[in-house]
Amino acid sequence: YKVLDSVILVLKENPGYTVSIEGHAFKAEGIEAVCIGLAAERSEMVKQYLLSRQLNISRINSVKSYGSQRPLNAGKTPLAVAANARAEIILNRN
């Protein structure tokens, strides 16, 4: 959770920043409806972690699920799979 803790630190040091959270999956995880659900779980877990560390809900702009629609790597290797099964945090300066 070092990356998430770093995000929290950045947000605490920059009160004008908010985050958007995006969940992603890889096609091999199943049909797209399943991928959307898995990606939603990933993004929701990130949200819950941030909230558990006392981040105010108002600092989270959105939580989205993209399923397998935005792969980082089209390959089938374990490295490609790991790159595509992810949650992304976008920092927004307000």
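In case you missed it, the structure is sitting above this.
Residues numbered from 1 in each chain as written. Predicted model: local features only at pLDDT ≥ 70, side-chain atom pairs only at ≥ 80, totals over all residues. Heavy atoms only, no water.

Draft legend 1. Representation of the side chain of E22. Along the chain, the position of E22 falls in strand β1 (residues 17–24). Residues within four places of E22 in sequence aside, it is in contact with S43, K64, Y66, R70, R86, A87, E88 and I90. (Helix = DSSP H or I, 4+ residues; strand = E, 2+ residues; numbered from the N terminus. Contact = heavy atoms within 4.5 Å.)

Draft legend 2. Broad picture of the sheet that holds strand β2 (residues 60–65). One open sheet holds the 3 strands; their spatial order is β2-β1-β3, and the pairing between them is mixed. Every interior strand has two partners, whereas the edge strands, β2 and β3 (86–93), have only one. Strand-to-strand, the axes of this sheet are offset by a mean angle of 15°, without reference to chain direction. Inspection of the sheet shows β1 paired to β3 by 8 bridges, in the antiparallel sense. Looking at the pairing, E22 lines up with E88 of β3. Seen against the sheet, helix α2 (residues 32–52) touches β1, β2 and β3 and runs at an angle of roughly 150° to β1. (Pairing = 2+ DSSP bridges. Axes fitted to C-alpha atoms, helices over the stretch in contact; angles between N-to-C directions.)

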